[in-house]
Amino acid sequence: MMNNLADTVVVDPGFGGGDKQQLAVVPPQDASVVVPPPPTKQSSALKKTSRYRSRSLSASSTDSFSSASYTGSSEDGDDVPPREKVQKNTKGSSDFCVRNIAAQHAFGRREIEIAEQEMPGIMALRKRAAEDKPLKDAKIVGCTHINAQTAVLIETLVELGASVRWAACNIYSTQNEVAAALAESNIPIFAWRGETEEDFWWCIDRCVNAENWQPNMILDDGGDATHLMLKKYPTMFKLVKGIVEESVTGVHRLYQLSKAGKLTVPAMNVNDSVTKTKFDNLYSCKESILDSLKRSTDVMFGGKQVVVCGYGDVGKGCAQALKGQGCIVYITEIDPICALQASMDGFRVVKLNEVIRNVDIVVTATGNKNVVVREHMDKMKSGCIVSNMGHSNTEIDVNGLRTPDLNWEKVRSQVDHIIWPEGKYIILLAEGRLVNLSCSSIPSFAVSITSATQALALIELFNAPPGRYKSDVYLLPKKMDEYVASLHLPTFDAHLTELSDEQAKYMGLNKAGPFKPNYYRY
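Computed from a prediction, not measured in an experiment: that's the story for all the values here. (Residues numbered from 1 in each chain as written. Predicted model: local features only at pLDDT ≥ 70, side-chain atom pairs only at ≥ 80, totals over all residues. Heavy atoms only, no water.)

With that out of the way, let us pick up the sheet that holds strand β3 (residues 189-190). Taken in spatial order, the 7 strands make up an open sheet running β3-β2-β1-β4-β5-β6-β15, and their pairing is parallel. Looking at strand neighbours, the two that pair on one side only are β3 and β15 (473-475), the edges of this open sheet. Of the strands in this sheet, β1 (139-144), β2 (163-168) and β3 are in contact with helix α6 (residues 197-208), which crosses β2 at around 175°. Seen against the sheet, helix α7 (residues 224-232) touches β1, β4 (217-220) and β5 (242-245) and runs at an angle of roughly 135° to β4. (Pairing = 2+ DSSP bridges. Helix = DSSP H or I, 4+ residues; strand = E, 2+ residues; numbered from the N terminus. Contact = heavy atoms within 4.5 Å. Axes fitted to C-alpha atoms, helices over the stretch in contact; angles between N-to-C directions.)

The structure is reproduced here in structure tokens:
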């Protein structure tokens, strides 16, 4: 073990400077108590079952962006905690911790195979680079959502020569069957759906601190693996060659570290790459918002009044999709540029209080906190659907609903009725977490774009000569963005026009690209 590298003091992995607490030692407050469902209506304080155990609001364990799958297939009714099980795969390895490898790995493998068919870019990259092994000797700690699509990325990294250890960045988004399939393939994976906060940090720690294995790369979604290693294993962290981060929260954390002079390794911000923001955020959310709302509530969209909070790429996709289904869509915005875009796109820009009493559906997509608070929810009409598509689970003030005067009634997986004393209720989806991660599937094709971007960023940082990247945060080179896009064009039988020598000279471009300056806004 790498005990010689570990600090003796372990602090709570939160980037705020508040009071320090022991990491992964104290479980959530009522996690040890499972209260059976009551026979009659009671207050929310008594009505919560084990599914309502309080959890620390780790910025990434309870939120984060990227891909996931519909949750129904991951519900297996197994109440034995995975950490208490003794499991081995068919090869005899026990270097993993999943829900149920024996019962689920075959189904998970089929899920991965289906995803591969709709992920042409990452599969093309796997085929082109497999012989060269550009990630040979790379030892990657991964902390992302674990589902069929990210499994394709994980197995691609292995095909390209990397040794990996993986944990989940979200306690609710893991597909148990996919995690089992990866474990069966001898990939050390530590994740299951419904982890406690203590489980969450334990899983990441098992990936970072392994016997005869020292990580030299980090692929993060939310910054938790980066932060744990920095705080608990600072000596080990200094040996890392690079970090690749794909989430808003994780990138924000990296910039904070860089500004404070605490970032000692180079990091690649793929969240702000063109291929991530335009295709994963816009097109993926445009499809998955409808899927998640329909699957969880069976709602008919035509004629419904909807307010979308935020008109960034995610908000644009949601608003356009809902408008296309016949919804009357309102937009709230703080940015005058985004507000003007929404107005020019035919949406009415309002303050939330102006429409909150009349809307049928609320969708948050800002990445901010307390966008929808108790005061707003008190004014909502009965049956209003409240959901979040933004990065952070703090957009909806769910804690403001956990009061003795309100009753929580579980309707189905990730769907709760919050009932007021007078009988009014609202429909809260995924307890305010990302609704497309928790209640639906998202397009594998969009994830292929993001996955290819992540893989190329890892290859670039790992193989970069000394001195090319300093201890700072970098954007993905434009040439790589264009290459990721080109990998996906054959799917559409798209044929690029080539510049002539005269045209290239006239425009001052290389015929092979990049074709746009870094400041260009697509």
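Okay, back to it.
Next up on the list: the pairing of strand β11 (residues 384-388). Most of β11 is tucked away, with 5 of its 5 residues classed as buried. Here strand β10 (residues 361-364) pairs with β11 via 4 bridges, running parallel. Of the residues in β11, the one forming a bridge with T364 is N388. Handedness of the crossover joining β10 and β11 through helix α14 (residues 374-379): right-handed. Taken together, the 3 bridges between β11 and strand β14 (residues 425-429) define a ladder with parallel strand orientation. Bridge assignment links I385 to a residue of β14, and that residue is I427. (Buried < 20%, exposed > 50% of the residue type's maximum accessible area, 1.4 Å probe, protein only. Right-handed = clockwise from strand over helix to strand, strands pointing away.)

To continue, consider α7. Of all the 9 residues making up α7, 8 are buried; the element is thus mostly covered by neighbouring parts of the structure. Along α7, the positions that sit buried rather than exposed are D224, A225, T226, H227, L228, M229, L230 and K232.

Here the focus is the environment of I146. When you line up the elements, I146 lands in the loop between β1 and α4 (148-159). According to the relative accessible area criterion, I146 is buried, its value standing at 0%. Spatially, the C-alpha atoms of I146 and L182 are 9.7 Å apart, while their sequence positions differ by 36 residues. Among residues more than four places away in sequence, those in contact with I146 are W166, A167, A168, S173, T174, Q175, A179, L182, I189 and A191.

This part is about the UniProt feature "binding site: NAD(+)" (unreviewed entry) in the protein. When the UniProt feature table is mapped to this numbering, "binding site: NAD(+)" (unreviewed entry) covers G312, D313, V314, G315, K316, G317, E333 and N436. Accessibility expressed as a relative area gives 0% for G315, which makes it buried. Setting aside its immediate chain neighbours within four residues, G315 contacts V308, G310 and A365. On the secondary structure map, N436 appears in helix α15 (residues 435-439). Among residues more than four places away in sequence, those in contact with N436 are C285, S288, S292, M389, S441 and I442. Separated by 3.2 Å, the side chains of N436 and S288 make a polar contact. (UniProt positions renumbered as here; feature names shortened; annotations may be inferred. Polar contact = N/O pair within 3.5 Å; in protein donor to acceptor, adjacent residues only side chain to side chain.)

A word on the nonpolar core. Ranked by internal contacts, the top residues of the largest apolar core, which has 56 residues, are L135, I140, L157, W166, L182 and I189. At the level of elements, α2 (101-117), α3 (120-129), α4, β2, α5 (176-184), β4, α16 (444-463) and α17 (478-488) are the ones that each hand at least two residues to this core. Top contributing element to this core by residue count: α16, with 11 residues. Beyond its immediate stretch of four places on either side in the chain, L157 contacts L135, I140, A162, V164, W166, L219, A455 and L458. Of all hydrophobic cores here, the second largest spans 33 residues; its members include Y172, W201, Y233 and A267. (Core = buried A, V, L, I, M, F, W, Y, C linked by side-chain atoms within 4.5 Å.)

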